Amino acid sequence: MTDKLHEGPLPPVAQPAPPKTLTWREERRRRRQRRKRGEEVLAWVLVPLICVGIYLGVNAGFDFFGTSPGQVWDQLMQVKAMMEKRSGTQGARG
């Protein structure tokens, strides 16, 4: 049993090659790619949130003033008709 302990020198262990250092251009390219990918992910999350927030804000504003988009549009058309009548022109229609 003891004669198998010291049969000979151990084989050399292969050292892993040190990691290849990137050039400054490669590092810059990777940073840009990471930044662009992060911006895309952030945009896919933030843009829908902003749109939903604007929609809810407009609806809350209409509810606060007790009106609706249709009523606001009708009132704007009435104001336009009064302004056209005052100036004496028929507008684009006629």
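First, a word on what this report is: a plain description of the structure on this page. Predicted model only: the values in this text are computed from it and were never measured.

All right, on to the overall build of the protein then. Summing up its helical and strand segments, the protein has two helices and zero strands in all. When the accessible surface of the protein is summed, it comes to about 9,600 Å², and 63% of that surface belongs to carbon and sulfur atoms.

This brings us to the environment of V72. By secondary structure assignment, the location of V72 is in helix α2 (residues 69-87). Ignoring any residue separated from it by four or fewer positions in sequence, one finds V72 in contact with F62 and T67.

A complete count under the given rule lists one aromatic pair for this structure. On the basis of an interplanar angle of 80° and a centroid distance of 5.1 Å, the ring pair of F64 and F65 is categorised as edge-to-face. Each member of the pair, F64 as well as F65, carries the same accessibility label: exposed.

What follows covers α2. Look at α2: 27 Å from first C-alpha to last across 19 residues, which is about the 27 Å you get at 1.5 Å a residue. Phi for G88, located one or two positions after α2, is positive at around 85°.

Attention shifts here to helix α1 (residues 24-65). In a regular helix each residue adds 1.5 Å, so 42 residues correspond to 62 Å; α1 covers 59 Å between its end C-alpha atoms and thus fits that length. Roughly 25° is the biggest bend found in α1, and it falls at A43.

Here we take up a nonpolar patch on the surface. A cluster of nonpolar residues, V41, L42, V45, L46, L49, I50, I54 and V58, forms a patch on the protein surface that exposes about 730 Å² of accessible area. Mapped onto the elements, V41 comes out in helix α1.

This part covers a positive patch on the surface. Together, K20, R25, R28, R29, R30, R31, R32, R34, R35, K36 and R37 line one region of the surface with positive charge. Summarising the element assignment, R29 is placed in helix α1.

So, how was this worked out
- Residues numbered from 1 in each chain as written.
- Predicted model: local features only at pLDDT ≥ 70, side-chain atom pairs only at ≥ 80, totals over all residues.
- Heavy atoms only, no water.
- Helix = DSSP H or I, 4+ residues; strand = E, 2+ residues; numbered from the N terminus.
- Areas by Shrake-Rupley, 256 points an atom, 1.4 Å probe, with all protein chains shown as cover.
- Contact = heavy atoms within 4.5 Å.
- Phe/Tyr/Trp six-rings, centres within 6.5 Å; stacked < 30°, edge-to-face > 60°.
- Buried < 20%, exposed > 50% of the residue type's maximum accessible area, 1.4 Å probe, protein only.
- Expected span 1.5 Å × (residues − 1).
- Bend = angle between axes of the 7 residues up to and from the residue.
- Patch = residues over 30% accessible without salt bridge, like charges linked within 9 Å, V, L, I, M, F, W, Y side chains within 5 Å.
- Salt bridge = Lys/Arg side-chain N within 4 Å of Asp/Glu carboxyl O.
- Lys, Arg positive; Asp, Glu negative; His and termini not counted.
- Charge placed at Lys NZ, Arg CZ, Asp CG, Glu CD.

These figures come from the coordinates and say nothing about function on their own.
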